[in-house]
There are 12 protein chains.
Amino acid sequence: MSADNVYKLIELTGSSTTSIEDAIQTAITKASATVRGIGWFEVLNTRGHVENGKVAHFQVTLKVGFTLE
Amino acid sequence: MSADNVYKLIELTGSSTTSIEDAIQTAITKASATVRGIGWFEVLNTRGHVENGKVAHFQVTLKVGFTLE
Amino acid sequence: MSADNVYKLIELTGSSTTSIEDAIQTAITKASATVRGIGWFEVLNTRGHVENGKVAHFQVTLKVGFTLE
Amino acid sequence: MSADNVYKLIELTGSSTTSIEDAIQTAITKASATVRGIGWFEVLNTRGHVENGKVAHFQVTLKVGFTLE
Amino acid sequence: MSADNVYKLIELTGSSTTSIEDAIQTAITKASATVRGIGWFEVLNTRGHVENGKVAHFQVTLKVGFTLE
Amino acid sequence: MSADNVYKLIELTGSSTTSIEDAIQTAITKASATVRGIGWFEVLNTRGHVENGKVAHFQVTLKVGFTLE
Amino acid sequence: MSADNVYKLIELTGSSTTSIEDAIQTAITKASATVRGIGWFEVLNTRGHVENGKVAHFQVTLKVGFTLE
Amino acid sequence: MSADNVYKLIELTGSSTTSIEDAIQTAITKASATVRGIGWFEVLNTRGHVENGKVAHFQVTLKVGFTLE
Amino acid sequence: MSADNVYKLIELTGSSTTSIEDAIQTAITKASATVRGIGWFEVLNTRGHVENGKVAHFQVTLKVGFTLE
Amino acid sequence: MSADNVYKLIELTGSSTTSIEDAIQTAITKASATVRGIGWFEVLNTRGHVENGKVAHFQVTLKVGFTLE
Amino acid sequence: MSADNVYKLIELTGSSTTSIEDAIQTAITKASATVRGIGWFEVLNTRGHVENGKVAHFQVTLKVGFTLE
Amino acid sequence: MSADNVYKLIELTGSSTTSIEDAIQTAITKASATVRGIGWFEVLNTRGHVENGKVAHFQVTLKVGFTLE
């Protein structure tokens, strides 16, 4: 992070049927379609849905930071 | 929540002179005027103002989740 | 609480379309059908679902304490 | 809150057989009998007692702020 | 979650020598053998054991929710 | 803890008129009467009752872990 | 706790050269000299001072509750 | 805060080479260029970068509240 | 802190138009007018009010400890 | 953990371009080069950097425990 | 603590088969063999191992502060 | 932070009679005398000592990160 910038932090929840890492990437891909300058993220919590005794999908909530232009 | 969606979470504070439930609904009504797809909320804190020994209004801060289209 | 007893604490989520208090009572009524000696509760979080800009139901998660017989 | 004042915050627990809002008001009414200038409150936790599977009373612990004269 | 149900939440720790996701599935598979209606989970913490400088196994503690029938 | 096991964690409150250590042992003794394989505990909070300016009893709430067979 | 009372909670730190339990009692004894109706306490943190590699005294900070008359 | 308003809270990180107060003002100045009605802030965390044993800049993350018009 | 003393901790909010340090001193100056033996403080949170895009004043909430005589 | 040992806990941040598990192993591999007797870890937080809408690397901060010889 | 010193804080886990106080002293005795100037500690958590329904040993994790010379 | 590095985080408390920023710099200056590669810090808490109603010195506890070479 540069000393001259102001950053905004938003919260997003992404999902994936395969992994926690993939759920993180899903959220960031979606956000990148409308927000420029995303630089980092922090995992706030990791949840998931279960169907018939199997993890159906992981849901990861992130705090995502980007430069406020 | 569907496995295919990405959700955004925002924080709002709603007020009511009558009840905590009404303060929650006030915040959600306001947000629904500009955001589509609000699906759930979580209460973050409950505060209020006091005048002459009476609760003048309740102020409830919510995290509100909606589908990022 | 008596000095001679051991207590167990369990977590429950109750729902209500009308109020937070009713959601608490719903959880305790259900638990009382199978557990004897429920003595107190603590609210852990208050959430809810929203449909068309209206709170559809409140969901209150409780820690509930009862005597371990 | 004014920029010139110093505020003190105290913790109180109020009870009610009917609602969370009433338990809050009960605590503030009691405190107002001896403290002047109560301006706001924040709910710290919400607990309650259960008798025979019914909520007997709600107990709400508040942080209450007032001007230090 | 339906507005008519009451849910119970329990805590479990599952292990895996390969991944965090696998440790989660291990805990849910075990619980599903005795509990019906498991619908979701939340990761509470992620720990692990180390032997000779290698992660020997991951241990993930979950809160798991299911319908109280 | 073994890599092959799944553990369940429950919360208990034990009491003692003499010490915090004794209140912990009281809760574990009680739980051991019905649950096999208790392996560890963690203190969640320590409270107590006071009568006439003396600690009447200590109440210690534990998270207790055991093997899910 | 009775449904009709309002309680006040204060924070105190007591010390002891011998034990955590004794530090708790020290704080409650002191408070009881000026406050009536102390009914319970909760340990907020446990600290201590060390001199020459020995614990010189334990310092326990408590939240103490009493009836607001 | 007025009883009739709904407020939105956003998170921002501002920087300054000189002080924590200046980093706060930097974030608020930037946000005020696009958001009207900012009324208050709360510091969430204070971090900083170090170069050659000197604090190069402070980074303060704020929650900022404004009226939702 | 001496091993023989009992300390009381109170919460205060002080304000300043210039700095966080000045807001701390403002609260302590006010408290010292009525309480003897204040020995230390801990910052609990730092907030502030904004007017026209400028920090109008900082508000710092402190836990303040003093000897209970 | 043996009843006779004293353990030290240190905090480390490891990185990986591929997975959270790999970032954990990276930190432990590095620490094992200078510290003997590492026995377990706990994940404190999971962050990452983003470049052009892709997770560039995961950064996992661990608490790592080892025997103090 | 003196205004002129810089302190370092480290985390240690000590064990004891008899008491929490003894586990604290065990950790500090061990640390004092290699670190000079230990001045205080804070208990971070209290855990223990159970064998055959008895507490086999208490494990107390401390933050320990000492002067950085 | 580079993707190839492992970082260590340590806790330090620095003091200053003048400001929070100066207390931070004091801790970092001291640490830089023995540790190379300090890159960032995070404030964990801000405390201080009071003498005769004046803040005698600020004490700021930091988490400090540096490259593990």
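See the structure shown above.
Residues numbered from 1 in each chain as written. Chains lettered and ligands numbered in written order. Predicted model: local features only at pLDDT ≥ 70, side-chain atom pairs only at ≥ 80, totals over all residues. Heavy atoms only, no water.

**Looking at the overall build of chain A**
To be explicit about the condition: Starting at the N terminus, helices and strands are each numbered in turn, a helix being any DSSP run of H or I of at least four residues and a strand any DSSP run of E of at least two. We compute the radius of gyration from the C-alpha atoms alone; for a globule the expected value is 2.2 Å times N to the 0.38, where N is the number of residues. Three exposure classes are used, based on accessible area relative to the maximum for each residue type with a 1.4 Å probe and protein chains only: buried under 20%, partly exposed in between, and exposed over 50%. It only takes one pair of heavy atoms within 4.5 Å for two residues to be counted as in contact. Computed with the Shrake-Rupley method and a 1.4 Å probe, the accessible areas treat only the protein chains shown as cover for residues.
Along chain A, the regular secondary structure elements total one helix and three strands. In terms of C-alpha radius of gyration, chain A reaches 14 Å, well past the compact-globule figure of 11 Å for 69 residues. Seen through its principal axes, chain A has C-alpha atoms that stretch 50 × 20 × 15 Å. Here chain A holds 69 residues, and 59% of them are scored as buried. In chain A, of all internal contacts separated by at least 6 residues, the share reaching a separation of at least 24 is 60%. In the form shown here, chain A has an accessible surface area of approximately 2,700 Å², with 45% of it arising from carbon and sulfur atoms.

**Comments concerning the relation of the copies chain A and chain E**
What connects the two chain copies is a rotation about an axis and a shift along it. Using the following cut-off: Least-squares fitting of one copy onto the other uses the C-alpha atoms of those residues that reach a pLDDT of at least 70 in both copies.
Mapping chain A onto chain E calls for a rotation angle of 120° and an axial translation of 0.0 Å; the resulting RMSD is 0.0 Å. Taken together, the rotation and translation describe the operation of a three-fold axis. Considering only C-alpha atoms, the part of chain A nearest the rotation axis is A:I20, at 4.9 Å. Taken as a fraction of all interface residues of chain A, those also at the interface in chain E reach only 14%, which identifies the copy contact as different-surface.

**Here we look at the interface of chain A and chain E**
Put simply, the rule reads: Buried area, as used here, totals the accessible surface that two parts lose on assembly, with accessibility defined by a 1.4 Å probe and the loss added over both. When a carboxyl oxygen of Asp or Glu lies within 4 Å of a side-chain nitrogen of Lys or Arg, that pair is called a salt bridge. Polar contact criterion, stated in full: a pair of N or O atoms within 3.5 Å, where within protein one must be able to donate a hydrogen and the other to accept it, and residues adjacent in sequence count only if both atoms are side-chain atoms. Polar here means any residue outside two lists: the nonpolar Ala, Val, Leu, Ile, Met, Phe, Trp, Tyr, Cys and Pro, and the charged Asp, Glu, Lys and Arg; Gly therefore counts as polar. Two strands form a pair only when DSSP identifies at least two bridges running between them.
Listed as interface residues are 14 residues of chain A and, on the opposing side, 13 residues of chain E. Between chain A and chain E, the buried area comes to about 1,100 Å², and carbon and sulfur atoms account for 58% of it. At the boundary of chain A with chain E, the tally comes to one salt bridge. A salt bridge links E:E42 to A:R47, with the shortest nitrogen-to-oxygen separation between them at 3.4 Å. Counting across the chain A and chain E interface gives seven residue pairs in polar contact (both at pLDDT 80 or more). Where the side of chain A that touches chain E is concerned, the elements lending two or more residues are α1 (20–32), β2 (38–51) and β3 (54–67) of chain A. For the side of chain A that touches chain E, the element with the highest residue contribution is β2(A), accounting for six residues. The class makeup of the residues in the side of chain A that touches chain E is four nonpolar, seven polar and three charged. Examined bridge by bridge, β2(A) and strand β2 (residues 38–51) of chain E share three bridges and lie antiparallel to one another. Its bridge partner being in β2(E), A:G48 is matched across the sheet by E:F41.

**Looking at the packing of aromatic side chains**
Residue and element names in this part refer to chain L. Just so we agree on the cut-off: Ring geometry is summarised as follows: Phe, Tyr and Trp rings, the Trp one being its six-membered ring, pair when their centres sit within 6.5 Å, and such pairs are stacked at plane angles under 30 degrees, edge-to-face over 60 and tilted between the two.
Going through the model one piece at a time under the given rule, you end up with 24 aromatic pairs over all chains. A centroid spacing of 5.4 Å and a plane angle of 75° characterise the contact between Y7 and W40, whose relative ring orientation is edge-to-face. In this pair, Y7 sits in strand β1 (residues 7–16) while W40 sits in strand β2 (residues 38–51), placing the two residues 33 residues apart along the sequence. As far as burial versus exposure is concerned, Y7 and W40 are alike and both buried.

**A few points about the interface of chain D and chain G**
Counting residues at the interface gives twelve residues for chain D, matched by eleven residues for chain G. Of the roughly 1,100 Å² buried between chain D and chain G, counting both surfaces, carbon and sulfur atoms make up 58%. Broken down residue by residue, the surface that chain D buries against chain G is led by D:E11, D:T13 and D:K30, which jointly contribute 47%. The interface formed by chain D and chain G includes one salt bridge. The interface formed by chain D and chain G holds four residue pairs in polar contact (both at pLDDT 80 or more) in total. Those elements that place two or more of their residues in the side of chain D that touches chain G are β1 (7–16), α1 (20–32) and β3 (54–67) of chain D. The element best represented in the side of chain D that touches chain G is β1(D), accounting for five residues. Classifying every residue of the side of chain D that touches chain G by side-chain character gives three nonpolar, seven polar and two charged. One ladder, built from three bridges, connects β1(D) with strand β1 (residues 7–16) of chain G; its direction is antiparallel. Considered in β1(G), the bridge of D:E11 is made with G:L9.

**What to know about the pattern of salt bridges**
Residues and elements named next belong to chain C. Scanning the entire structure with this criterion turns up 36 salt bridges over all chains. A salt bridge links R36 to E69; the shortest N-O distance between them is 2.9 Å. Separated by 33 residues along the polypeptide, R36 in the loop between α1 (20–32) and β2 (38–51) and E69 in the segment after β3 (54–67) bring together distant segments of the chain. Neither R36 nor E69 differs from the other in exposure class; each is exposed.

**Observations concerning the arrangement of the chains**
Without any contact between them, chain A and chain D keep their closest C-alpha atoms 22 Å apart. Across the gap from chain B to chain G, with no contact made, the nearest C-alpha atoms are 15 Å apart.

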